[in-house]
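The residues making up each chain are set out below.
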Amino acid sequence: MGISRLLSHLLLACCVLWPGHALSQVEDTEAQQLLTALADSSFAEKKAVVNRIASSGDDRARYWLESFGANKLGRLEASGQFIIVLSNRGRNWTVEDALTRENLGEISRRDIDTIRVNNALRNELEGILSVIDLKSPDEDQRLTAARALKGSVSGTLAERLPELIEAEESASVSEALTEALAIYKVEEQGDIAAVATLSGSLNSEARAALQQAMRSDDVALAAAAAKAMDSIEQKLKLNRAAETLYFGLSLGSVLVLAAIGLAITFGVMGVINMAHGELIMLGAYTTWGMQQLLPGQPGLALLLSIPAGFLVAALAGIAIERSVIQHLKGRPLETLLATFGVSLILQQLVRTVISPLNRTVITPDWMSGSLMINEALSLTLNRLYVIGFALVVFAGLMLIMRKTRLGLDVRAVTQNRAMARSMGIKATKVDILTFGLGSGVAGLAGVALSQITNVGPNLGQSYIIDSFMVVVFGGVGNLWGTLLAGLSLGTINQLLEPWAGAVLAKILVLVLIILFIQKRPRGLFPQKGRAAEG
Amino acid sequence: MWLTRPLRERSTQLFLGVLFAALIVVTALHLLMPQDSALYVSSYTVTLLGKYLCYALLAVAVDLVWGYLGILSLGHGAFFALGGYAMGMYLMRQIGDRGVYGDPLLPDFMVFLNWDALPWYWQGFDMAWFAFIMVLLAPGLLALVFGFLAFRSRVTGVYLSIITQALTFALMLAFFRNEMGFGGNNGLTDFKDLLGFDLRTDATRLGLFLATGIALAIGYVVCRGIVTSKLGRVSVACRDAEARTRFLGYRVERVQLFVFVVSAMLAGVAGALYVPQVGIINPSEFSPLFSIEIVVWVALGGRATLYGAVIGAILVNYGKTVFTGIMPDAWLFALGGLFVLVTVFLPKGIAGLLFDRKKTKEEPDTPAQEATA
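Predicted, not measured: the structure shown is a model, and the values here were computed from it. (Residues numbered from 1 in each chain as written. Chains lettered and ligands numbered in written order. Predicted model: local features only at pLDDT ≥ 70, side-chain atom pairs only at ≥ 80, totals over all residues.)

**Some words on the overall build of chain B**
When helices and strands are counted, chain B shows 14 helices and four strands. Relative to the compact-globule value of 21 Å for 373 residues, chain B shows a C-alpha radius of gyration of 21 Å, a close match. Expressed along its principal axes, the backbone C-alpha trace of chain B runs to roughly 65 × 50 × 45 Å. For chain B, with 373 residues in total, the buried portion stands at 46%. Here the contacts in chain B between residues at least 6 apart in sequence split such that 78% fall between residues at least 24 apart. (Helix = DSSP H or I, 4+ residues; strand = E, 2+ residues; numbered from the N terminus. Rg over C-alpha atoms; globule rule 2.2 N^0.38 Å. Buried ≥ 20, exposed ≤ 12 C-beta atoms within 10 Å, placed from the backbone. Contact = placed C-beta atoms within 7 Å.)

In structure tokens:
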């Protein structure tokens, strides 16, 4: 604060020392003339001046006019210097030079004459500003301006739009402009030809215009509008279905992430790990911890917490395996109880050591926001990343199980422990590694979950039952089954939600699974052969 | 007669003797001792002990299916809560127009939700006999349907455990909904009287405590009767070698279904006795954590003994009362530690520790693996 103040004073001093410096260019004198004209003319004349400024081709014209519309263009009484008000709180206003954009520091508001504007001029300005934007050389800027125009085209602008459309090179911009013009025509003039242009548009303003047209007295217009509306509804329905599918896949990928580690420990090793949810929680807390260690760099922290979360959860998992589970081999029900006890301890540990309250994990910039497919459908980026992450993790696990020595050993021990041991495989070592792998994947799930839900001590608990359902539904010991089961359960849940409500949808899914188990007690993809008997 | 046989057993006689002696001592200390005496048992303590006895009955029910049938139910809290809700509905109807809103027919929460009529499933709960039948029927029917579906398709072991947990989880979510008509989040509370007796008087509390003790005694004898009958032997056979029992010609799923339903009904009775003593029933009784806690009572006491379940339930809950009183944070550590220690170091529980003399051969602690059998 102090330094920036000092700098602005210095700048002010510069201006005072060389007053001619900023105004020495020819262009600036011209600009000075234009602004003086704007300041001194009557409201009736100002319109013409505004147009002159707009067509001057000056880069700064937009800024001047925008400030003028917002009552922020002014003139210093003493020097006649044009300024733009940056902050108008208190007695002294912070201003900058309108021509050079140099910060002039604070100036008493009594020394400033704001150039007055009225509502008629403001309306005019809006159209003129849009035209300036639409003439900008930057295509993105033109597109944004064209989109913003939908539903807010004024009469004067509408007259100029056809020539702008004519001159436009980019197809998407001219399309947006055509639509904006059509909305204007339908709304203000009841143009039937324009109705046809709007059919199939997903813009809400277009729908509002059509709805207005449907109520009009003109029968032909109302019929045309109704027809256009029908086609829009169809398209919207498709988009909504796509959105539901997206949410379903997103929820499903979360389930897959949470369940896939379980599929390894439960499916491959036959060990029920009720503390799996808490391993997920540990992964999420690792992300939080990383962000605490690297403040201001949430993105880097998130990337680093992928290996860190894996390691933390894997080590915790191995510790659980060594201290508890190995003593309970062949007693699945006891393993279930003991690991449940471990989960209680871990939860309470987090509550006591960190906090019983939820922690905030920051979503880095490149993960927030959404990907706009069209005007009715946009996909939130963080969920998109989670879907991608789930698939990558799944593919990685598949590779490990199919292509590596560890995977081979794991499959051998699963199928026949005694035989595998007699072939020289160290079963205990395989157990530890498998459990570490499954737990580590739970940690990865936690890292992903920290981006889409609250990170708190109960995080794991809320996923454990769902994860078991996914594994049981998919068929124990089958990773493909887990993937398919997770994605389909997520989608079914999202499909049911609109008409049943979130809670009832969840209950229905649970009931569906219980009924499904009736038909196929071993899940979608049951194990075959000798392994199934174990 | 299968019910009188256990009465001739020494262990049952011993159990009933200790139980009745305890009931009499507590009653005597409560009624006869002056209030300032160190030996006086306050009516708060009486109710607390009554609560423990409810838990003990619930634990006996769980031990019946886990210890003698080999089914680890992680959803017995659901049956307990259903029995409790049936009793709660009766108690709610008994409030009549004494509620906050004074509606003669509708319970307060329904008035609050702007309902204008009693839902159909609340009909009949103003009659005590109907409510008491529902205490048995509601959990019994749920267990019948669920058990029929599960056992018919031979869902056993960990799968069954997980599914029972999902069942109670689903019910918890359902009962949390206001639209269900069971008071939502807050459950049913603010009870006034039971069968005309004011629930707040010491005499009613003592009566409820004694009733619970008697219910526990009856429940114990019923379970013991089942366990020592031929059916009980078949059920133990199902536990140890399900496939082999099936090959011998027994209808395993019918045995499992019968025992499971009886156990669910016992749990329902425990819930029904629990509600008037604690004065509230809400969906938290459905929480998976509660159901799994019950299992640890049984595991601590020693399974397949029945009396072990009673000891475990009382001990753990006493510990819970003490712990949550002095250091609430430590309770979950203690409970979690208990889970681990009992399963790893005390597979036969306290009962095993105390009475494990010579019958090591007969004690089939771990269900033998089918594949190796």
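Right, picking up where we left off after that structure.
**Quick word on the interface of chain B and chain A**
Opposite the 38 residues of chain B that make contact, chain A presents 35 residues. Every element with two or more residues in the side of chain B that touches chain A is listed here: α6 (157–176), α11 (288–301) and α13 (328–345) of chain B. Classifying every residue of the side of chain B that touches chain A gives 26 nonpolar, nine polar and three charged. (Nonpolar A, V, L, I, M, F, W, Y, C, P; charged D, E, K, R; others polar.)

**A look at the domain arrangement of chain A**
Segmenting chain A into domains produces domain 1 (2–120) and domain 2 (262–364 + 391–526). With centres defined by C-alpha atoms, the gap from domain 1 of chain A to domain 2 of chain A works out at 62 Å. (Domains from an automatic or database assignment.)

**Thoughts on the nonpolar core**
Ranked by size, the top nonpolar core spans 193 residues in total, and within it B:A59 and B:V60 carry the most contacts. Of the residues forming this core, the biggest block, 18 residues, is contributed by helix α2 (residues 43–69) of chain B. If you look at the next biggest cluster of nonpolar residues, it comprises 27 residues, including A:L149, A:L161, A:A228 and A:I232. (Core = buried A, V, L, I, M, F, W, Y, C linked by C-beta atoms within 7 Å.)

**Some remarks on the sheet that holds strand β2 (residues 82–87) of chain A**
Residues and elements named next belong to chain A. Strand order in the open sheet formed by five strands is β4-β3-β2-β1-β5, with antiparallel pairing between adjacent strands. Of all the strands in the sheet, the pair left with one neighbour each is β4 (103–108) and β5 (112–114). Adjacent strand axes in the sheet meet at a mean angle of 45°, parallel and antiparallel pairs treated alike. Taken together, the three bridges between strand β1 (residues 73–76) and β5 define a ladder with antiparallel strand orientation. By the bridge assignment, G74 is partnered in β5 with T114. (Pairing = 2+ DSSP bridges. Axes fitted to C-alpha atoms, helices over the stretch in contact; angles between N-to-C directions.)

**Digging into the packing of helix α7 (residues 202–228) of chain B against helix α10 (residues 252–278) of chain B**
All names here are of chain B. Relative orientation of the contacting elements α7 and α10 amounts to 175°, with a least axis distance of 10 Å. Compared by their axis directions, α7 and α10 come out roughly antiparallel. Seen from α7, the contacting residues are L208, A211, T212, A215, G219 and I226; seen from α10, they are V259, V262, L266, V269, L273, P276 and Q277. Within the contact of α7 with α10, the residues separate by chemical class into ten nonpolar, three polar and no charged. (Parallel < 35°, antiparallel > 145°, perpendicular 65-115°, else oblique.)

**Digging into helix α19 (residues 427–449) of chain A**
For α19(A), built from 23 residues, the straight-helix expectation of 33 Å at 1.5 Å per residue is met to within 8% by its first-to-last C-alpha distance of 33 Å. The buried fraction of α19(A) is high, at 18 of 23 residues. (Expected span 1.5 Å × (residues − 1).)

**Re unusual backbone geometry**
All names here are of chain B. In this structure, A304 takes a positive phi of about 60° despite not being glycine. Its place among the elements puts A304 in the loop between α11 and α12 (307–326). A304 sits in the buried class, given 24 other C-beta atoms within 10 Å.

**Here we look at the packing of α12(B) against α13(B)**
Residue and element names in this part refer to chain B. At a closest axis distance of 6 Å, the pairing of α12 and α13 adopts a crossing angle of 145°. Residues G319, K320, F323 and T324 of α12 form the contact with α13, whose participating residues are P328, A330, W331 and A334. Residue classes in the contact of α12 with α13 are distributed as five nonpolar, two polar and one charged.

**Focus: the confidence of the model for chain B**
All names here are of chain B. With 95% of its residues at a pLDDT of 70 or more, chain B shows a mean pLDDT of 83. For chain B, the element scoring lowest by mean pLDDT is helix α14 (residues 349–355), at 76; α10 scores highest, at 90. Scored below 50 in pLDDT, residues 358–373 makes 18 contacts in the model with residues more than four places away or belonging to other chains. (pLDDT = per-residue confidence, 0-100.)

**Remarks on the pairing of β2(A)**
Residue and element names in this part refer to chain A. Note that β1 and β2 share three bridges and pair antiparallel. Opposite R75, over in β2, you have F82 as the bridge partner. Here β1 hands over to β2 after five residues, with G80 in that stretch at a positive phi of 75°. Pairing geometry for β2 and strand β3 (residues 92–97), over four bridges, is antiparallel.

**Thoughts on the environment of A:S67**
Residue and element names in this part refer to chain A. Residue position: S67 is located in helix α5 (residues 61–69). Residue S67 is classed as buried on the basis of its 21 C-beta neighbours within 10 Å. Taking the C-alpha atoms as reference, S67 lies 9.9 Å from I115; in sequence the two are 48 residues apart. Leaving out residues up to four positions away in the same chain, S67 has contacts with K72, L73 and I84.

**What about the environment of B:V259?**
Residues and elements named next belong to chain B. Residue placement: V259 occurs in helix α10. Counting along the chain gives 165 residues from V259 to Q94, while the straight-line C-alpha distance between them is 33 Å. Other than its neighbours up to four places away in sequence, V259 contacts L64, V65, L69, I226 and S235.

**Focus: the environment of B:A267**
Residue and element names in this part refer to chain B. Structurally, A267 is set in helix α10. Judged by local crowding, A267 falls into the buried class, with 35 C-beta atoms found within 10 Å. Along the chain, A267 and A59 lie 208 residues apart, while their C-alpha atoms are 8.2 Å from each other. Apart from residues lying up to four places away in sequence, A267 is in contact with L58, A61, H76, F79, F80, G83 and P139.

**Considerations on the confidence of the model for chain A**
Residues and elements named next belong to chain A. Per-residue pLDDT for chain A averages 78, and the proportion of residues at 70 or more is 90%. In this model residues 10–26 is a low-confidence stretch, pLDDT under 50, and it forms 14 contacts with partners more than four residues away in sequence or in other chains. In this model, residues 530–534 is a region of pLDDT below 50 whose contacts with residues beyond four sequence positions or in other chains number ten contacts.

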